[in-house]
Amino acid sequence: MNENKLHAIATTGRKWNRPSEKLARDMAEKLHIPYAERGRTNIPELCQAYDAKFALVAKNGLLTLVTPEAELFFHPNMAHLRMKNLRFGDGDRMAEAMDLKPGMDVLDCTLGFGADAIVASAVVGDSGSVTGLESQPLIEAVVGYGLANYDNDTEQIIAAMRRVKTVCTEAYEYLKAQPDNSVDVVYFDPMFRHPFDETRDRHEAWWLACDVIAESVAMELCAKDGSKKIVNECSLPLTAVQCVDHIVTEQCVIDVTDAGLVLSEIRQGITPEQIQ
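Predicted model, so just to flag it, every value in this text is computed and none were measured.

A. Representation of the environment of Met-94. Summarising the element assignment, Met-94 is placed in helix H4 (residues 93–98). Taking the C-alpha atoms as reference points, Met-94 and Val-119, separated by 25 residues in sequence, lie 8.8 Å from one another.

B. Looking closely at the sheet that holds strand E6 (residues 129–133). Ordered by their spatial adjacency, four strands build an open sheet running E7-E6-E5-E8, and the pairing between neighbours is parallel. Edge strands, defined here as strands with exactly one partner in the open sheet, are strand E7 (164–167) and strand E8 (185–187). Along the sheet, successive strands turn relative to each other by an average axial angle of 20°, direction set aside. Pairing of strand E5 (residues 105–108) with E6, which is carried by four bridges, proceeds in the parallel orientation. Residue pairing for E6: Leu-107 is matched across the bridge by Thr-131. Sheet contacts for helix H5 (residues 115–124): E5, E6, E7 and E8; angle to E6, the most-contacted strand, approximately 170°.

C. Main features of unusual backbone geometry. Located in the positive-phi region is His-32, a residue other than glycine, with phi close to 60°. Inspection of the secondary structure assignment puts His-32 in the loop between helix H1 (18–31) and helix H2 (43–49). Relative accessible area serves as the criterion here: at 59%, His-32 is assigned to the exposed category. A positive phi angle, close to 60°, is found at Asn-181, a residue other than glycine. Within the secondary structure, Asn-181 is located in the loop between helix H8 (171–176) and E8.

What counts, and at which threshold
- Starting from 1, residues in each chain are numbered consecutively following that chain's sequence as written.
- Local features are withheld for residues below a pLDDT of 70 in this predicted model, meaning they are given only at 70 or higher, and side-chain atom pairs are given and counted only at 80 or more; totals for whole chains, interfaces and linings count all residues.
- Note that water and hydrogens are dropped before the side-chain values are worked out from all heavy atoms of the structure.
- Helix and strand definitions here come from DSSP, where helices need a minimum of 4 consecutive H or I residues and strands a minimum of 2 consecutive E residues; each element is numbered from the N-terminal end.
- The rule for pairing is simple: two strands pair if DSSP sees at least two bridges between them.
- Here the axes come from fitting lines to C-alpha atoms, over the contacting stretch only for helices, and the angles between their N-to-C directions go from 0 to 180 degrees.
- Contacts between residues were defined by any pair of non-hydrogen atoms, one from each residue, lying within 4.5 Å.
- The cut-offs for exposure are 20% and 50% of the maximum accessible area for each residue type, with area from a 1.4 Å probe on protein chains only; residues under the lower value are buried, those over the upper are exposed, and the others partly exposed.

Here is the structure:
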């Protein structure tokens, strides 16, 4: 028997139908997790029978991720309000920070529930592209399938969702494999490995996401005044400690090790002395 590395099963809702069973079986095969016949068994008992912690449930034409504390399902959520603001000329802070324009190619390195990617897709339009990276396979399955199949919405939002391509991978590994100037914008929405305690009771799914996020940050090496952004000691309040393994800049890649910072890659034409 294959090892269930995701500690998950795929199954259907209580109201069984052939499309739901096919979707559940397809996801089980794709993710290399067991398919569990639902029958009359409840999800906790089904998970216990397979020694699993999570259940990927196919129902109502979409996927729901059931955790011990909550359920995660795809919905455009905040993308509605943000796209409404764009239509009425009120703008969007993320789009403004990216300076997004039609035809641009965007790489969203922290896809999450997909709201940022949907908004970016709406702005760049048919002539642009949005690729969303999600390192957690179960979340990528729920969100990726939702973006491709959710249809209970306006034509504008559906079109924006369909243009988003999702990839299940660590952002650092994906970025290393891309050629220079392959996208116009690389976007990170920072998340921390250990969320604040008050978050835990509100949504178990956030813990699932935060435990497996890419251990990398992307940033410019220097501030606008020429000063280095990587410093010996942080002068601001700390929200997380020792949660970054790689620093990706426009000039180099730096590995964060127990012995200190190690320059692992450098852009052609740049010397180590310039990085220091």
